[in-house]
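Observations on the model geometry
Chain by chain, the residues:
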Amino acid sequence: ADPEAHRLLEAGRPNESLSRVMELVETVLGSGTERARVVFDGTGGGTQPPAQRGLVSYCFSGPGRKADHVILRLLKDSSGRREVCVVTNDHEVLTVARKLGAKTMTVNDFLAEAGRVERRQAKKPLAPEPMGKRTGPAQSEVNELLAVFREEDAAVIEKEEMLADEGRPRRRRH
């Protein structure tokens, strides 16, 4: 699985390992509206971070139960099996999940996908700041805007004068 998650587990920091797994799932989901449920073996050993993180929720299988059994039960109870992706290294679970209509991935395939997404995100260039943010607009832009507004102002003033003149009696010039 994820080397960072393994390192945290081996260091006796399971909550941080769990958080890393949740982070990877969020990475793969992206910014869409898809939701994910992660099922871990065991009871969680005491304190855990919140069971919901964005669109990703998690639970533990409970004492004496394997996460794979919980995953299959959840899949069998699901009405939208074709929208489910089961991630596990248990080949029996992968086979049953595929027969039930779910998509499947091994943990290594999932981690490879998460790595691809993270690399893609890291390569995305940030939008450059507009030049004018630091230096202000160029003088040519200032002149152009002033000319536009002068023309618009002149047209508005002329129209207001015409409307005002329509309401007044006209003076005759001699």
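Residue indices begin from 1 for each chain and proceed along its sequence in written order. For a predicted model such as this one, the threshold for reporting local features is a pLDDT of at least 70, and the threshold for listing and counting side-chain atom pairs is 80 or more; totals across whole chains, interfaces and linings nevertheless cover every residue. Water and hydrogen atoms were dropped before computing side-chain values, which therefore reflect all heavy atoms in the structure.

A word on the packing of aromatic side chains
Two rings from Phe, Tyr or Trp (for Trp, the six-membered ring) form a pair when their centres are within 6.5 Å of each other. A pair whose planes differ by under 30 degrees is stacked, one over 60 is edge-to-face, and the rest are tilted. For the structure shown, the criterion picks out three aromatic pairs. Pairing phenylalanine 40 with tyrosine 58 gives two aromatic rings, centres 6.1 Å apart and planes at 75°, and the pair type is edge-to-face. In this pair, phenylalanine 40 sits in strand β1 (residues 36–40) while tyrosine 58 sits in strand β3 (residues 56–60), placing the two residues 18 residues apart along the sequence. Note on classification: 1.4 Å probe, protein chains only; a residue is buried when its accessible area is under 20% of the maximum for its type, exposed when over 50%, partly exposed between these limits. Owing to a relative accessible area of 16%, phenylalanine 40 belongs among the buried residues under this scheme. The buried category is assigned to tyrosine 58, whose relative accessible area is 7%. Between phenylalanine 40 and phenylalanine 60, the aromatic rings sit 5.6 Å apart at their centres with planes inclined by 35°, giving tilted as the arrangement. With phenylalanine 40 in strand β1 and phenylalanine 60 in strand β3, this residue pair connects regions lying 20 residues apart in the sequence. Only runs of H or I of at least four residues qualify as helices and only runs of E of at least two qualify as strands under DSSP, and these elements are numbered from the N terminus.

Observations regarding the side chain of threonine 88
By the secondary structure assignment, threonine 88 is in the loop between β4 (85–87) and α4 (91–99). By relative accessible area, threonine 88 is classed as buried at 7%. In protein, a polar contact means a hydrogen-donor-capable atom and an acceptor-capable atom, both N or O and within 3.5 Å, with residues adjacent in sequence counting only if both atoms are side-chain atoms; elsewhere, any N or O pair within 3.5 Å suffices. Among the polar contacts made by the side chain of threonine 88, one reaches the main-chain amide nitrogen of aspartate 90 at a distance of 3.2 Å. The contact definition used throughout considers only heavy atoms, calling two residues in contact when any of these lie within 4.5 Å. Sequence-distant contacts of threonine 88, that is, excluding residues within four places in its chain, are made with Asp68, Val93, Leu94, Met105, Thr106 and Val107.

Everything listed here is a matter of geometry and, on its own, says nothing about what the molecule does.
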